Amino acid sequence: LAYWTGETQLGPAKLYVGPAAGGSSRQLQPEFFSARYPVWSPDGRRLLFLGTRDRQAAQTNWWVTARDGGEAIQAGSGSGQVIPEVWGPDPDRIVFSRSLGDTRNLWEMPLSPRTWQVAGPPRRLTFGTGAEAKPSLAGEALAFTDLAENVDVWSLPIDAGRAKVTGDLQRLTQDPSAENYPSISADGRKLVFVARRTGNMDVWIKDLITGKEMPLAVTPLAESSPKITADGARVTYAVTEDRKESILVAPAAGGEPERVCEDCRLPTGWSTDGKWIASEELAARALVLVDAASGRKTEFFKHATKGLSRARFSPDDRWVSFHTVAGPVSRQIFVVPFRGPVLHEEKDWIPITDGQGM
């Protein structure tokens, strides 16, 4: 058996092989910062995996390794986060699923069985209009799923003081596209979210009183993780361009966005006064505080071995909550008194959960 443990995206991950009948597993390519999604070669002698050699590497690529170890061979550059799913039935092709516009189809990539290098451009195998994914090989037959799904934003009324649900679910978005990553203003009037309505992920805003929706950021680039200020005046979001991520801020009423932080990852929350944006850099095991006016960034939480994620401010800006990532299925929530753009020492972190679960 081949398997991996760790984070699904930018965090560390380890690759293992072990006997199917039971027994000890052995780690392959331990020098890699991340190694995930292994696929067996048709003869069972090699594995193809998605890997990053070190934490500072700019790209994640496909790599080939012998099942008994040895040096890994980079199969090709620029594969990004495309996950290899089937190797075969011939040793010179890899099958995977990939999004293109509003559809997701199966593709194959030629692979040289002599050099283990990508030997040409990808070729599209299926042409459906839905989401064709999860390929599986049986002999010469290739099975896959054809998914029809729709993700919307919903609301649920609660009594926060008693932690009780007080009403029924209400659907807030109706479009056939997928809407994700909602963020709402403090007065409950404005909702921002990401939607794939124009071929890629863009930021939209909705007035929950009038029901009016409008695009806030519609570009050929991929926008993600929008967060609206408490007063509903501004929206921050991440954008990826040339494999680099930046944080932008746009007026909620519409208008030209401002790039406030270069080489910054996902924004996770605004301070209530609108002065600070919290951002996470999971691979660096740090949470970053960005000055919304100047763009100056400061690491305000950091850990030597654990990833840090999802920093959020309390309504009075006196506290910050976040969680640590200790392992693939373990998270621990902390709160810390907020002291501005300085490094907050670990001794001041107050645990809210025991870290034994998600």
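As shown above, the structure is provided for reference.
Keep in mind the model is a prediction, meaning the values are calculated, not measured. (Residues numbered from 1 in each chain as written. Predicted model: local features only at pLDDT ≥ 70, side-chain atom pairs only at ≥ 80, totals over all residues. Heavy atoms only, no water.)

Student: Would you explain the nonpolar core in this entry?
Tutor: The nonpolar side chains of a soluble globular protein tend to be buried with one another. Formed by 15 residues in total, the largest nonpolar core has its most connected members in Phe300, Phe301 and Phe322. Those elements giving two or more residues to this core turn out to be β27 (276-281), β28 (286-291), β29 (297-302), β30 (307-313), β31 (319-327) and β32 (330-337). Those residues in contact with Phe300 that lie beyond four places of it in its chain are Ala278, Leu287, Val288, Leu289, Ala311, Val320, Phe338, Gly340, Val342, Leu343 and His344. Listed in part, the 14 residues of the second largest apolar core include Met201, Ile205, Leu216 and Ala250. (Core = buried A, V, L, I, M, F, W, Y, C linked by side-chain atoms within 4.5 Å. Buried < 20%, exposed > 50% of the residue type's maximum accessible area, 1.4 Å probe, protein only. Helix = DSSP H or I, 4+ residues; strand = E, 2+ residues; numbered from the N terminus. Contact = heavy atoms within 4.5 Å.)

Student: Mind showing me how you'd approach the side chain of Ser97 here?
Tutor: In this fold, Ser97 is placed in strand β9 (residues 93-100). Look at Ser97 and you get buried, because its relative accessible area is 6%. Leave out the neighbours within four places in its chain, and Ser97 touches Glu85, Arg104, Asn105, Leu106, Glu132 and Ala133.

Student: Just checking my understanding: could you explain the packing of aromatic side chains for this structure?
Tutor: Given two aromatic rings, their pairing is described by the distance between the two centres and the angle made by the two planes. All told, the structure shown has 14 aromatic pairs when counted by the stated rule. Here Phe32 and Phe49 contribute two aromatic rings whose centre-to-centre distance is 5.4 Å and whose plane-to-plane angle is 75°, an arrangement assigned as edge-to-face. Of this pair, Phe32 sits in the loop between β3 (26-28) and β4 (34-40) while Phe49 sits in strand β5 (residues 46-52); the two residues are 17 residues apart in sequence, bridging distant segments of the chain. Like Phe32, the residue Phe49 is buried in the burial classification. Measuring from ring centre to ring centre gives 5.1 Å for Phe322 and Trp349, while their planes differ by 85°; the resulting arrangement is edge-to-face. Of this pair, Phe322 sits in strand β31 while Trp349 sits in the loop between β32 and β33 (350-351), placing them 27 residues apart in sequence. We note that Phe322, like Trp349, is buried. Here a set of aromatic residues connected by ring pairs shows up, and it is made of Phe300, Phe301, Phe313, Phe322, Phe334, Phe338 and Trp349. The ring of Trp204 has Arg197 sitting right over it, with the charged end atom 4.5 Å from the ring centre. (Phe/Tyr/Trp six-rings, centres within 6.5 Å; stacked < 30°, edge-to-face > 60°. Lys NZ or Arg CZ within 6 Å of the ring centre and 35° of its normal.)

Student: Is there a simple way to think about the state of the cysteines in this case?
Tutor: Joining two cysteines, a disulfide is a covalent bond between their sulfur atoms. Under the criterion given, the structure shown has 1 disulfide. Disulfide pairing places Cys261 opposite Cys264 at an S-S distance of 1.7 Å. Cys261 gets classed as buried once you look at its relative accessible area, which sits at 3%. Its relative accessible area of 0% is what places Cys264 among the buried residues. (Disulfide = S-S within 2.5 Å.)

Student: Can you walk me through the sheet that holds strand β22 (residues 222-228) in this structure?
Tutor: Pairing between the strands of a sheet is mediated by backbone hydrogen bonds and can be parallel or antiparallel. Pairing is antiparallel across the open sheet formed by 4 strands, whose spatial order is β22-β23-β24-β25. Only two strands of the sheet have a single partner each, and these edge strands are β22 and β25 (258-261). On average, each strand axis in the sheet is tilted by 35° relative to the strand beside it, whichever way the strands run. Sheet topology places strand β23 (residues 234-241) next to strand β24 (residues 244-251); 8 bridges connect them, and they run antiparallel. Across the sheet, the residue bridging to Glu241 is Lys244, located in β24. (Pairing = 2+ DSSP bridges. Axes fitted to C-alpha atoms, helices over the stretch in contact; angles between N-to-C directions.)

Student: Is there a simple way to think about the sheet that holds β33 in this case?
Tutor: Taken in spatial order, the 4 strands line up as β30-β31-β32-β33 in an open sheet, and their pairing is antiparallel. Only two strands of the sheet have a single partner each, and these edge strands are β30 and β33.

Student: Any chance you could explain the environment of Trp270 here in plain terms?
Tutor: With respect to the helices and strands, Trp270 occurs in strand β26 (residues 267-270). The exposure class of Trp270 is buried, given its relative accessible area of 8%. In this structure, the C-alpha to C-alpha distance between Trp270 and Val290, residues 20 residues apart in sequence, is 9.6 Å.

Student: Could you clarify how one ought to interpret the pairing of β24 in this entry?
Tutor: Of all 8 residues making up β24, 6 are buried, and the element is well covered by its neighbours. The turn linking β23 back onto β24 is made up of 2 residues, and Asp242 within it adopts a positive phi angle of 55°. The pairing of β24 with β25 spans 3 bridges and is antiparallel. The residue of β25 that forms the bridge with Ile247 is Cys261. Taken together, β24 and the strand that follows it, β25, pair antiparallel across an intervening segment of 6 residues, in which Gly254 is found at a positive phi of about 105°.

Student: Explain the pairing of β30 here, please?
Tutor: The two faces of the sheet receive side chains in turn, since in a regular strand these alternate between them. Taken across its 7 residues, β30 has 5 buried, putting it largely inside the fold. With 5 bridges joining them, β30 and β31 adopt antiparallel strand pairing. Note that in β31 the partner of Arg312 across the bridge is Ser321. Between β30 and the antiparallel strand that follows it, β31, lie 5 residues; Asp317 among them carries a positive phi value of about 65°.

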